[in-house]
Structure formats: C-alpha cells, structure tokens
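Structural characterization, general
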Amino acid sequence: MGRFNSAKSSKLFLQLMEEDKNPERKRFNKLLNRVRRNLKKDEPLTRDVLEFALNAVRDDKIAEKLKRGEPLSDYEKHMIDGLLRMTLAKP
C-alpha cells in the first residue's frame, strides 16, 4: 500500500475546492500573501493590507511601526506571521 492516504487526500482536495467557492476565504488568503510578501521585502503596508495586518497585531509598538512604514525586526515579522496564521486557524 502506498504511503498516501487517499481519504485524507480527497478531503484536502475538497477543502481546496470549497476555498475557491468562498470569496471571503479567497480575499483572506490574498491579503495574507500580500502581507507576507511586503514584510519579506521590507516594503511598507498600505490600505487594505495595512488594515488587515493591524487587525491581527496585538502589540501597540508593532502596530505603530506598521502605520509609520518603518522596517520591522525579524522577530516582529515572525510575530505578525504567527498572529495571522492563528487568525487563519479560527473556524
């Protein structure tokens, strides 16, 4: 028997198909990828992307840096990424 569980693979495939049908989920993923890409390139966040990141950030110091467009430390970037992933995990 192969190492892949076909039932699990089918479930994953169906979830991905449902994601395409859900416009809110699609928008969330798009904004999440934009935040990650901009943080990786040390580019300031703007408009919807900034608002999206600020909704996830719980630290006032990081939020102020994001608003001003200042570069973030690797730790701060990691914190934002982790908080966004936690937001993604919520049902």
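Refer to the structure printed above.
Scope of this entry: the structure provided in the associated data block. (Residues numbered from 1 in each chain as written. Predicted model: local features only at pLDDT ≥ 70, side-chain atom pairs only at ≥ 80, totals over all residues. Heavy atoms only, no water.)

One recurring pattern in soluble globular proteins is that nonpolar side chains are buried together. Residues Val35, Phe52, Leu66, Ile80 and Leu84 are the most contacted members of the largest nonpolar core, which totals 19 residues. For this core, the secondary-structure elements that each account for two or more residues are α2 (23–40), α3 (47–56), α4 (60–68) and α5 (74–89). In this view, leucine 84 contacts Phe28, Leu32, Val35, Phe52 and Ala56; residues no more than four positions away in its chain are not counted. (Core = buried A, V, L, I, M, F, W, Y, C linked by side-chain atoms within 4.5 Å. Buried < 20%, exposed > 50% of the residue type's maximum accessible area, 1.4 Å probe, protein only. Helix = DSSP H or I, 4+ residues; strand = E, 2+ residues; numbered from the N terminus. Contact = heavy atoms within 4.5 Å.)

Turning our attention to the packing of α3 against α4. Running from N to C, α3 and α4 cross one another at 175°; their axes reach a closest spacing of 10 Å. Looking at the two axes, α3 sits roughly antiparallel to α4. Of the residues in α4, those touching α3 at Leu50, Ala53 and Leu54 are Ala63, Leu66 and Lys67. Broken down by class, the residue content of the contact of α3 with α4 amounts to five nonpolar, no polar and one charged. (Axes fitted to C-alpha atoms, helices over the stretch in contact; angles between N-to-C directions. Parallel < 35°, antiparallel > 145°, perpendicular 65-115°, else oblique. Nonpolar A, V, L, I, M, F, W, Y, C, P; charged D, E, K, R; others polar.)

Purely geometric numbers; function is a separate question.
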